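Observations on the three-dimensional arrangement
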Amino acid sequence: MRHFLTLADFTKDELLEMVALAQKIKAQTKQKQFVPYMEHQTLGMIFEKSSTRTRVSFETGIYQLGGIGLFLSANDIQLGRGEPMKDTARVISRMVDMVMIRTFEQSKLEEFAAYSKVPVINGLTDSYHPVQLMTDYLTMIEFGKDQNPVVAYVGDGNNMAHSWLMLAAKLGFELRIATPKGYECDKAISEKALSMAQESGAKIIFGNDPKEAVKNADVVTTDTWVSMGQEQEKEIRMKAFEGYMVDNAMMSLAKDEAIFLHCLPAYRGYEVSEEVFEAYAEVIFSEAENRLHAQKGIMVWLDNHRNQEEGK
Ligand code: CP
Ligand code: NVA
């Protein structure tokens, strides 16, 4: 049984299969054809951190596939009062058909998966946000940016940066990551991406100069400077990230027809200017909508894979 914990766990072809499924199901949904690919299935959705997009897209997505989503906030379930992750996994996975978790350490997600009887999907950890990157890739396809793109990520070396590393390293495109000194990507994850890139032909460049990274890029992207759980570092981070705002001057260095992506929520006047955000609002909110479609592709792929393994 396969879990969706990082993009590194899948081959390029498998990731492309999930995206193709997402495109097919998106087209069906747009025609109001709600094919019950996951009829009567329950998706448990465990949240240890806040969410708007992840919650709404997974809950709506499983409903449109013929199933139902259970929103399980850590504040309300016994996990939040200290019931171990492994016990939570053994209980919930006997009752539901698939689980999505948003948590802190990647190791907590891995522990849940190790004890789960059903496929587990990473809905964001401190290390990775892989469902967002499948969404971003679907959006790149729709905006014609999937053929040998040059992607520039400007900002914090966080879960989003790490997931861009995995996507580029798997699919084999050029990714330039510019972070302030001291806010670079995790060393082990960066090394893993560089070693995966040798196989795929991806070109991965790390640096501390956002303007250099953005030059002639096809896709420019960023993320909040203060991720969930880092609120107490806000002041120090605001200073460290000076010069990293994606504004008109920075976007003008990218290709004329470049797009700007943002996973949201966005903090205008910090990682992105109001002007850039509004200029690319159509792309950004298509990206947000694509959470719904990309994740249906992932859920149906995992379900199909499980059925094949069980000989169904
Ligand atoms: N991009 C994203 O994951 O948004 P939420 O935190 O609102 O789920
Ligand atoms: N890096 C951000 C992403 C939010 C979707 C965070 O972890 O808070």
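Quick notes on the rules
- Residues numbered from 1 in each chain as written.
- Chains lettered and ligands numbered in written order.
- Predicted model: local features only at pLDDT ≥ 70, side-chain atom pairs only at ≥ 80, totals over all residues.
- Heavy atoms only, no water.
- Helix = DSSP H or I, 4+ residues; strand = E, 2+ residues; numbered from the N terminus.
- Buried < 20%, exposed > 50% of the residue type's maximum accessible area, 1.4 Å probe, protein only.
- Contact = heavy atoms within 4.5 Å.
- Expected span 1.5 Å × (residues − 1).
- Polar contact = N/O pair within 3.5 Å; in protein donor to acceptor, adjacent residues only side chain to side chain.
- Salt bridge = Lys/Arg side-chain N within 4 Å of Asp/Glu carboxyl O.

1. Digging into the overall build of the protein
When helices and strands are tallied, the protein shows twelve helices and nine strands. Dimensions of the protein, computed from C-alpha atoms along their principal axes, come out at roughly 55 × 45 × 35 Å. The proportion of buried residues among the 312 residues of the protein is 57%. Residue pairs at least 24 apart in sequence account for 75% of intrachain contacts in the protein once pairs closer than 6 positions are excluded.

2. Focus: helix 6 (residues 159–171)
The end-to-end C-alpha distance of helix 6 is 18 Å, a good match for the 18 Å that 13 residues give at a rise of 1.5 Å each. Counting buried positions over the 13 residues of helix 6 gives 13, a clear majority of the element. The opening residue of helix 6 is Asn158, an N-cap whose side-chain oxygen sits 3.0 Å from the backbone nitrogen of Met160. Two residues or fewer after helix 6 comes Gly172, characterised by a positive phi angle close to 90°.

3. Details of the pattern of salt bridges
The final tally for this structure, using the stated rule, is 17 salt bridges. Among the ionic pairs, Glu174 bridges to Arg176, the shortest N-O distance being 2.9 Å. There is no split in this pair, since Glu174 and Arg176 are both buried. Here Arg268 makes a salt bridge to Glu274, at a shortest N to O gap of 2.9 Å. A relative accessible area of 36% places Arg268 in the partly exposed class.

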